[in-house]
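Below, each chain spelled out in residue letters.
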Amino acid sequence: MHIKLKISFFLRVNIAMFFFLFYSCSTTKFVPEKQYLLNKVKVKIKQNDVRINKTNIVKQIQQRENQKILGFWKFHLGLYDLSSKNKENCWLKRVGEPPVIFKKNAVERSEKQIKLYLENKGYYGSVVTNRILYLKRKPKVNIYYNIELGMSYHIKNCIYHSRDKSILPLLSSDSLNRYLKKGKIFDIDLLKKERERLVTVMNNHGYYLFTEDNIKFLADSTVNNYQVNLSVEISDGAYNKYAEIHPHKKFKVDKYFIHTDYSDLFFRLKNGTMDEIDTLNRFPYVYIYRDKMPYRAEMIRSLNRIPDSLYYSLANVRKTYRSLNQLQQFKVVNLNFDIEDSLKTDSVGMLNCNFQLRPLERQGFSVDLEGTNSSGNMGVAGNFNYQHRNLFRGAEILDVTFKTAFEREQTVVNENSSNFNTREFGVEASLTVPKFLSPVYKKSFFSYQVPKTSFTMGYNYQKRPDYTRTITNFKFGYDWKSSAFRTHRLSLVDINYVNLSAFDEDFLNSIEDLYIKSSYTDHLIFDMNYSMINNTQDLNKRGNYKYFKWSFESAGNLLDGLSVIFNRNKTLGTDTITDQPIDYYEIFGTRFSQYLKADFEYRYGYVLNDYSSVVGRAFFGIGLPYSNNKTLPFEKKYFTGGANGIRAWQVRTLGPGSYNSSDSEYPNQSADMKIEGNLEYRFNLIKQLEGAFFVDAGNIWAVRDDNRDGSEFNIMNFYKQIAIGTGVGLRFDFTYFVFRLDLGMKVRDPAFDPGDRFIIGNHSLNSDQFNLSFAIGYPF
């Protein structure tokens, strides 16, 4: 939603608050007499070594200055300084940050901690000194740590030792992924990573009891030239009184006990009603349930990846765990193992695997009610949602949504309507099956996680004062993950049929823009699309991340090929943009779209400190309509502006190119190509309240002349048509969702004449240069 507003008073209040808080963060009223505020801490490393991360060195310092926003503004200290000295429970003290009072002994501890960190990274004999600078006229102090790196020790040789000779080939087989190699720096963190790698390798090859306690490192630094001879010592396996050397035992999984309602089982054990528990034996599986088996036995068996290897494998256990969680059937999923004593042998042990599953409710429904405001048109909408989590006892999920909406829309014919003259009714049903439904299926291709097959059907009826429209859709496709960070989506069939009827002639005649008028036509989209997403972001852990998505879509080519093969007759018509005669194929009396479309998006998030981060985004998309329909369907066109685009413009009011749509009766601009870049600095303010500064740039273009001046993309001058906006925002984090407010200001508007496009210095600041938008969630 977007609101135009007069910003004079709003800006004056915010600028005054900014300078007040900025000034307050430099005061020291809470610093006790004869003590000092820690004003600044700086670290300088004499040698430039890329292997040493200065950020990690700063983390070793015991006392650091108050947190900053934008690298200089101590906002939280300013809030604390605004509080009363006489009130301990002041809310400003709770949300602010108290001043850091300088302690000299913390400097000495910091020096020792930095030296220890450098030794752990392989740099011995480093010299760490400090310089304490007391500021004149102010009770403040700056600390400067100077570091001169010592000589770094490197690994000369790394040898693996074990009295159990049978495991040595396994330990040396994965040499490519070793962390300890000749010439590598002697880094304690690398030793920890190598220990974890070795445990994983052993656990993946049947050695169930092998742990990190079985590994120790011996380092000999007496060799010359700052080198280390490293020995990786593997201790014996479990004690065996009949053997001098205790080998490590491999394990196989003998039986699987599937508890389909583990919470119910515990309840019956407690109350002595175990006689009501039923079992189903399908060796090596034992299914434990009550009354009726809730899932088909073959469904759970197909998700179990543990039998994929002859011996126990931790990797296969994790695959099974992921597959069970992916079903969205269970509150809790636990997999644990018992050693089967009766089947123990000297060489191979036997395990029993317990699947402890606690199911979610099988069926449920919800009701959503919301108020709507579309460009000043007020309305109300509601959804009734029904879900069945296990429709055919194979963890199939059925979702059905009934939607209705009413809105008061002002029209060309009736500008003062006060009734709900716009109505919308719709239904959508989707079925998700946890398997790859296809005559061609190779299980090894989906080694990371079980794929999903989905079917979706929907119908939507919209009655507006100017026209009536129905939208029918059907979709069939797959969804799967090939790694922890990579997701694939393939839609083999994606059909959208849009039928418009009962047009108001005055409405059509009032649209002077032929490109927009071309959107109000019947059309059929029959496409296939694929997208791949690489996303390293962990929502449960704050850290740097990368996000890359690319997608490709092809529509109408199959229908066009079949029309040519069966020698169908073309229909004569008129191009809605050029007004020239054309001919085209129809299916069931409707012209189908034909195009190719590709999108590329990249994001990068960088954490600056505990309080702030920077996130950047780049997007490029292009659609090429051709042959049967040389215009992209309205729902496939690109637009910008609004809460998730260039935020200084209202949605769909920017572009294409240098086209000026401000005088248009329907500023609903869209086009065939989009280039956009965003940069946002995010920082914590008060508890759940976050702030942001942002810069957006980009535009949309047409790939051919469409009767809109300046809209066509030209490789030689498109950069001159780039729009730029900047602004500030607030985010209210309510845990389950984020409510966002953004105030954008135009910096460069391509709709103005060349040389006059920068707002500052060429145009007066008024409400037309600002846009306030709110939305749910982050923009990217």
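In what follows, the accompanying structure is described. In this text the structure is predicted, and so the values were computed from the model without any measurement. (Residues numbered from 1 in each chain as written. Predicted model: local features only at pLDDT ≥ 70, side-chain atom pairs only at ≥ 80, totals over all residues. Heavy atoms only, no water.)

### Overview of the nonpolar core
And step 1. Ranked by internal contacts, the top residues of the largest apolar core, which has 29 residues, are Tyr256, Ile258, Leu324, Phe337 and Phe355.
And step 2. Within the residue set of this core, elements represented by two or more residues are strand S10 (250–259), strand S12 (285–290), helix H9 (297–303), helix H10 (314–326), strand S13 (330–339) and strand S14 (348–359).
And step 3. Apart from residues lying up to four places away in sequence, Phe337 is in contact with Tyr208, Val253, Ile306, Tyr312, Val317, Leu351, Asn352 and Cys353.
And step 4. In this structure, Tyr160, Leu170, Ile215 and Val232 belong to the second largest nonpolar core, which totals 23 residues. (Core = buried A, V, L, I, M, F, W, Y, C linked by side-chain atoms within 4.5 Å. Buried < 20%, exposed > 50% of the residue type's maximum accessible area, 1.4 Å probe, protein only. Helix = DSSP H or I, 4+ residues; strand = E, 2+ residues; numbered from the N terminus. Contact = heavy atoms within 4.5 Å.)

### Here we look at the packing of aromatic side chains
And step 1. For the coordinates displayed, the defined rule picks out 32 aromatic pairs.
And step 2. Judged by centre distance (5.5 Å) and plane angle (35°), the rings of Tyr681 and Phe683 are tilted.
And step 3. Taking relative accessible area as the criterion, Phe683 reaches 5% and is therefore assigned buried.
And step 4. Over the aromatic face of Tyr144 sits the side chain of Arg131, whose NZ or CZ is 4.6 Å from the ring centroid. (Phe/Tyr/Trp six-rings, centres within 6.5 Å; stacked < 30°, edge-to-face > 60°. Lys NZ or Arg CZ within 6 Å of the ring centre and 35° of its normal.)

### As for the environment of Lys570
And step 1. Positionally, Lys570 belongs in the loop between helix H13 (557–565) and strand S24 (571–574).
And step 2. Judged by its relative accessible area of 42%, Lys570 is partly exposed.
And step 3. In this structure the C-alpha to C-alpha distance between Lys570 and Arg591, which are 21 residues apart in sequence, comes to 10.0 Å.
And step 4. The contact partners of Lys570, leaving out residues within four places of it in the chain, are Asp583, Tyr584 and Tyr585.

### Things to note about helix H7 (residues 188–203)
And step 1. With 16 residues, H7 ought to run about 22 Å at 1.5 Å a step, and its terminal C-alpha atoms sit 23 Å apart, in line with that.
And step 2. Along H7, the residues classified as buried are Leu190, Leu191, Glu194, Arg195, Arg197, Leu198, Val199, Val201, Met202 and Asn203.
And step 3. Where H7 is buried, its residues contact strand S7 (154–162), helix H6 (168–173), strand S8 (215–220), strand S9 (227–234) and H10. (Expected span 1.5 Å × (residues − 1).)

### Observations regarding the pattern of salt bridges
And step 1. For the structure shown, the criterion picks out 27 salt bridges.
And step 2. Among the ionic pairs, Asp187 bridges to Lys121, the shortest N-O distance being 2.8 Å. Of the two residues, Asp187 sits in the loop between H6 and H7 while Lys121 sits in the loop between helix H5 (104–120) and strand S3 (123–124), which places them 66 residues apart along the sequence.
And step 3. The exposure class of Lys121 is buried, given its relative accessible area of 15%.
And step 4. In this structure, the salt-bridge partner of Arg296 is Glu298, at a minimum N-O distance of 3.5 Å.
And step 5. Taking the relative accessible area as the measure of exposure, Arg296 reaches 22% and is therefore partly exposed. (Salt bridge = Lys/Arg side-chain N within 4 Å of Asp/Glu carboxyl O.)

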